[in-house]
Amino acid sequence: MDRRGLVFDFDGTMCRLFQNYDLSAVVNEMCVRMNRHGIPFSAEQDAFDVFDAIRSRRGLDAEQKKVLFREMNGVLVSAELDAVRNCGPVHGVGEILPRLYGEGYPIGIATNNSRECVLEFLNLYCNGLNVPVSGRIGAQPQLMKPDPFTLRETLRELNRTAADALFFGDTGRDHECAQRMRCKFVGVAPTEKKLKRLQEISPGIDIVSDYYELKEYVDRTSVAK
């Protein structure tokens, strides 16, 4: 039986990466570094906003922006690696993901987080599961979701078309990415807040609350068309 490919977002879908981590020190460090380069950045902003702040800054050429992208990415990767060691895995992910892989489901991960962070998570929580991971490219943040780059790359590695895959995510960015690829989107909502946000995107979205429900859903929709 030809199984559907299963592609997963990471933060929010497989774990709550920063659940037990204070990002304020990271954002403050970004503020200092950005201000050093003459780019306003506020401590009230999200750490991931730093890429948009650089991208929209006038007066910097492409090479200067690339250098700054890499610098800020390095700060964020360090924070991700610290956070992942004490994150909150979504219920059942450590048991179900390796089981799905063992049953022959092609599995991959398409994320705006760093590949290094995801690999560390798989080592810590999923028995070192070895699957394709397409993550954030520090010098090219424009390729982060909702851009379909990471999903397209993961499907390519899995040798699956978008029509023969499911994409599991938890945000509007994930949903838009799947739509742009014409890939079936399934929401993962481990909290009531996530559930309401996903329902607001579209009332017809299929949603699971944890990986035990996800396994049941996958088993019902596993045969590629």
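One can find the structure itself at the top, above this paragraph.
Below you will find a few notes about this structure. From a predicted model like this one, the values you see are computed outputs, not experimental measurements.

## A closer look at the pairing of strand 7 (residues 184-188)
(1) Moving on: Taken across its 5 residues, strand 7 has 4 buried, putting it largely inside the fold.
(2) Moving on: The sheet contact formed by strand 6 (residues 165-169) and strand 7 spans 4 bridges and is parallel. From the neighbouring strand, Leu166 faces strand 7, where its bridge partner is Lys184.
(3) Moving on: What joins strand 6 to strand 7 is helix 7 (residues 172-181), and the crossover it makes is right-handed.

## As for the layout of surface pockets
(1) Moving on: One number sums up the size of the largest pocket: a volume of about 820 Å³.
(2) Moving on: Every residue lining the largest pocket is counted, 30 residues in all, and those nearest its centre are Asp11, Asp46, Phe48, Thr171 and Arg173.
(3) Moving on: Of all the elements in the fold, those that place two or more residues in the lining of the largest pocket are helix 2 (49-55), helix 7 and helix 8 (192-201).
(4) Moving on: The biggest single contributor to the lining of the largest pocket is helix 2, with 4 residues.
(5) Moving on: The class makeup of the residues in the lining of the largest pocket is 9 nonpolar, 7 polar and 14 charged.

## Describing the side chain of Thr111
(1) Moving on: Mapped onto the secondary structure, Thr111 falls in the loop between strand 4 (107-110) and helix 5 (115-125).
(2) Moving on: Classification of Thr111 by relative accessible area gives buried; the value is 0%.

## A closer look at the sheet that holds strand 6
(1) Moving on: On the basis of which strands lie adjacent, the open sheet formed by 6 strands has the order 5-4-1-6-7-8 and parallel pairing. Looking at the sheet topology across the chains shown, the edges are occupied by strand 5 (133-134) and strand 8 (206-208).
(2) Moving on: Across the sheet, helix 9 (residues 211-220) is in contact with strand 1 (5-8), strand 6, strand 7 and strand 8; its angle to strand 8 comes to roughly 135°.

## Thoughts on the packing of aromatic side chains
(1) Moving on: According to the stated counting rule, one finds 7 aromatic pairs in the structure shown.
(2) Moving on: For the ring pair Phe121 and Tyr125, a centre distance of 4.8 Å and an interplane angle of 35° mean the geometry is tilted. Of this pair, Phe121 and Tyr125 are both found in helix 5, 4 residues apart, which corresponds to roughly one turn of the helix.
(3) Moving on: You can call Tyr125 partly exposed: its relative accessible area is 24%.
(4) Moving on: On the basis of an interplanar angle of 70° and a centroid distance of 6.5 Å, the ring pair of Phe167 and Phe185 is categorised as edge-to-face. Taken together, the residues Phe167 in strand 6 and Phe185 in strand 7 connect sequence positions 18 residues apart. Phe185 shares its class with Phe167; the two are buried.

## Considerations on the pattern of salt bridges
(1) Moving on: If you walk through the whole model with that rule in mind, you get 15 salt bridges.
(2) Moving on: Two residues, Arg33 and Glu29, come together in a salt bridge whose shortest N-O distance is 3.0 Å. Residue Arg33 and its partner Glu29 are located together in helix 1 (residues 24-36), separated by 4 residues, close to a single helical turn.
(3) Moving on: Here Arg99 ties to Glu95 by a salt bridge, and the two come within 2.4 Å at their closest N and O atoms. You can see Arg99 and its partner Glu95 sitting in helix 4 (residues 93-102), 4 residues apart, about one turn around the helix.
(4) Moving on: Overall, the relative accessible area of 37% leaves Arg99 in the partly exposed class.
(5) Moving on: Assessed through its relative accessible area of 38%, Glu95 is described here as partly exposed.
(6) Moving on: It is possible to trace a salt-bridge network through shared partners that takes in Asp9, Lys145 and Asp174.

## Description of unusual backbone geometry
(1) Moving on: Omega for the bond connecting Lys145 with Pro146 falls within 30 degrees of zero, at 20°, which places this linkage in the cis form.
(2) Moving on: By secondary structure assignment, the location of Pro146 is in the loop between strand 5 and helix 6 (149-158).
(3) Moving on: Residues other than glycine seldom take positive phi values, yet Asn127 does so here, at roughly 55°.
(4) Moving on: With respect to the helices and strands, Asn127 occurs in the loop between helix 5 and strand 5.
(5) Moving on: Judged by its relative accessible area of 70%, Asn127 falls in the exposed class.

## Examining the nonpolar core
(1) Moving on: Counting residues in hydrophobic clusters, the biggest one holds 55 residues, and the most contacted among them are Phe8, Phe10, Met14, Phe121 and Leu122.
(2) Moving on: Examining the composition of this core, we find that 8 residues originate from one element, helix 3 (residues 62-84), more than from any other.
(3) Moving on: The contact partners of Phe8, leaving out residues within four places of it in the chain, are Met14, Leu97, Ile107, Gly108, Ile109, Ala110, Phe167, Phe168, Tyr211 and Leu214.
(4) Moving on: Of all hydrophobic cores here, the second largest spans 16 residues; its members include Ala110, Leu155, Ala162 and Leu198.

Calculation rules
Residues numbered from 1 in each chain as written. Predicted model: local features only at pLDDT ≥ 70, side-chain atom pairs only at ≥ 80, totals over all residues. Heavy atoms only, no water. Buried < 20%, exposed > 50% of the residue type's maximum accessible area, 1.4 Å probe, protein only. Helix = DSSP H or I, 4+ residues; strand = E, 2+ residues; numbered from the N terminus. Pairing = 2+ DSSP bridges. Right-handed = clockwise from strand over helix to strand, strands pointing away. 1 Å grid on protein atoms, 1.4 Å probe; cavity = no way out; pocket = protein on both sides within 12 Å on 5 of 7 lines; lining within 4 Å. Points joined across faces, edges and corners; volume = space filled by probe spheres on them. Nonpolar A, V, L, I, M, F, W, Y, C, P; charged D, E, K, R; others polar. Contact = heavy atoms within 4.5 Å. Axes fitted to C-alpha atoms, helices over the stretch in contact; angles between N-to-C directions. Phe/Tyr/Trp six-rings, centres within 6.5 Å; stacked < 30°, edge-to-face > 60°. Salt bridge = Lys/Arg side-chain N within 4 Å of Asp/Glu carboxyl O. Core = buried A, V, L, I, M, F, W, Y, C linked by side-chain atoms within 4.5 Å.

What is shown is where atoms sit, not what they do.
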